[in-house]
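Commentary on secondary and tertiary structure
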Amino acid sequence: MPAIDLSKSIRKACSIEEAAPKRKHVRACIVYTWDHHSAAEFFMQLKSQPLGSDDVQLFKSLILLHKVIQEGHPSALKEAIRNREWVRSLGRVHGGGSGGYSSLIQEYVDYLTLKLDFHAHHRGFQSGLFEYKEYISLMHVSDPDEGYETILDLMDLQDAVDLRYRVLFASIGPSRCREG
């Protein structure tokens, strides 16, 4: 897939329509990273989008980013770690938009940066997914303190996920119950 198609997929996944990003557009971005063994172009294209103009678009870009980090080529995680400051900056950019997405955006940015900080600190987790069994087999952790610290960091991440879902569910009102 050429970069122009990647740009189109990103634009469509991050549309201003108040609906989840279409899986086919998200998938196209994920596949692009695997086809090119790199996520650099994905990040360059995502960063060039006018994300500050609409909160819905910004929130959807965070969903897209999260999915690419989780399911994309391993370079997506490394690229995301390199772009942590840009991800943090997204929490300070709000276009106004409809529906009060500000708290959702801030929670999502906080979670993603916490996740990226975790991966930067715990290099044994090579993908955006958390597989402790894989980590143990890769690292052969013989120091119980290191294993304990990793478990505590994972529990902190789980707490962040729980908080994010509480904020998300609290924000859902009758007007947002369109999708189902």
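The structure contained in this document is the topic of the report that follows. The residue numbering used here restarts from 1 in each chain and proceeds along that chain's sequence as written. Given that this is a predicted model, residues contribute local features only at a pLDDT of at least 70 and side-chain atom pairs are listed and counted only at 80 or more, while totals for whole chains, interfaces and linings are drawn from all residues. Excluding hydrogens and water, the side-chain figures rest on all heavy atoms present in the structure.

**Observations concerning unusual backbone geometry**
To be explicit about the condition: Runs of H or I in DSSP of at least four residues are treated as helices and runs of E of at least two as strands, each being numbered from the N terminus. Burial classes: relative accessible area under 20% of the type maximum marks a residue as buried, over 50% as exposed, and values in between as partly exposed (1.4 Å probe, protein chains only).
Unlike most non-glycine residues, His-37 shows phi in positive territory, near 50 degrees. Relative to the helices and strands, His-37 is located in the loop between helix H2 (23-36) and helix H3 (40-47). The exposed category is assigned to His-37, whose relative accessible area is 57%.

**Let's talk about the packing of aromatic side chains**
We apply this condition: In summary, the pairing rule links any two rings of Phe, Tyr or Trp, Trp by its six-membered ring, whose centres are within 6.5 Å, and it sorts them by plane angle into stacked for under 30 degrees, edge-to-face for over 60 and tilted for everything else.
Counting across every chain of the model gives three aromatic pairs. Summarising the aromatic geometry, the rings of Phe-42 and Phe-43 are spaced 5.5 Å apart at their centres and angled 85 degrees between planes, so their arrangement reads as edge-to-face. Just as Phe-42 is buried, Phe-43 falls in that class too. Between Phe-59 and Tyr-101 the ring centres are 5.5 Å apart and the planes differ by 50 degrees, which places this aromatic pair in the tilted class. Placement of Phe-59 in helix H4 (residues 55-71) and of Tyr-101 in the loop between helix H6 (84-90) and helix H7 (102-121) is noted, with a sequence separation of 42 residues between them. Assigned by exposure class, Phe-59 and Tyr-101 land together as buried. The structure contains a cluster of three or more aromatic residues connected by ring pairs, namely Phe-59, Tyr-101 and Tyr-108.

**What about the packing of helix H5 (residues 74-82) against H7?**
Stated precisely, the cut-off is as follows: Under this scheme, a helix contributes an axis fitted over its contacting stretch, all axes are lines through C-alpha atoms, and angles between N-to-C directions fall in the 0 to 180 degree range. Any angle between 65 and 115 degrees counts as roughly perpendicular, while under 35 counts as roughly parallel, over 145 as roughly antiparallel, and the rest as oblique. Residue contacts follow a heavy-atom distance rule, with two residues in contact if any of their heavy atoms lie within 4.5 Å. Polar here means any residue other than Ala, Val, Leu, Ile, Met, Phe, Trp, Tyr, Cys and Pro, which are nonpolar, and Asp, Glu, Lys and Arg, which are charged; Gly is therefore polar.
In the contact formed by H5 and H7, the axes pass within 9 Å of each other and the chain directions differ by 110 degrees. Our classification of the angle between H5 and H7 gives roughly perpendicular. Judged by residue contacts, Leu-77, Ala-80 and Ile-81 of H5 engage Leu-116, His-119 and Ala-120 from H7. Across the contact of H5 with H7, the residue classes break down as five nonpolar, one polar and no charged.

**Structural notes on the environment of Asp-117**
Of note, Asp-117 is situated in helix H7. Among the residues examined, Asp-117 registers a relative accessible area of 28% and is labelled partly exposed. Taking the C-alpha atoms as reference, Asp-117 lies 8.1 Å from Arg-84; in sequence the two are 33 residues apart. When sequence neighbours within four positions are dropped, the list of residues in contact with Asp-117 reads Arg-84 and Arg-88.

**Focus on the pattern of salt bridges**
Put simply, the rule reads: Salt bridge criterion: a side-chain nitrogen from Lys or Arg within 4 Å of a carboxyl oxygen from Asp or Glu.
Scanning all chains against the criterion turns up seven salt bridges. With a closest N to O distance of 3.0 Å, Arg-88 and Asp-117 form a salt bridge. Of this pair, Arg-88 sits in helix H6 while Asp-117 sits in helix H7, placing them 29 residues apart in sequence. A cluster of three or more residues bridged by salt bridges with shared partners is formed by Arg-23, Arg-27, Lys-67 and Glu-71.

**Here we look at helix H1 (residues 3-13)**
Convention followed: The directions considered for the arc are those from the helix axis to the C-beta atoms.
For H1, every residue scored as buried is listed here: Leu-6, Ser-7, Ser-9, Ile-10 and Ala-13. Along the axis of H1, the buried residues cluster in a sector spanning 160 degrees; they form a single face. The secondary structure elements touched by the buried residues of H1 are H2, H3 and H4.

**As for the state of the cysteines**
Heads up, the rule is: We call a pair of cysteine sulfur atoms a disulfide whenever their separation is within 2.5 Å.
Across all of its chains, the model carries zero disulfides by this definition. Cysteine Cys-14 is unpaired, with the sulfur of Cys-29 as its nearest cysteine sulfur at 7.5 Å. What makes Cys-14 buried here is its relative accessible area of 0%.

**Digging into the nonpolar core**
Rules: By nonpolar core we mean a set of buried residues, namely Ala, Val, Leu, Ile, Met, Phe, Trp, Tyr and Cys, connected to one another through side-chain atoms within 4.5 Å.
By size, the foremost hydrophobic cluster in this structure holds 44 residues, and its most contacted members are Ile-10, Phe-42, Leu-46, Leu-64, Leu-65 and Trp-86. Secondary-structure elements contributing two or more residues to this core are H1, H2, H3, H4, H5, H6, H7 and helix H9 (144-171). Ranked by residues supplied to this core, first place goes to H7 with nine residues. Ignoring anything within four residues of it in the chain, the contact list for Ile-10 reads Cys-29, Phe-42, Gln-45, Leu-46, Gln-49 and Leu-64.

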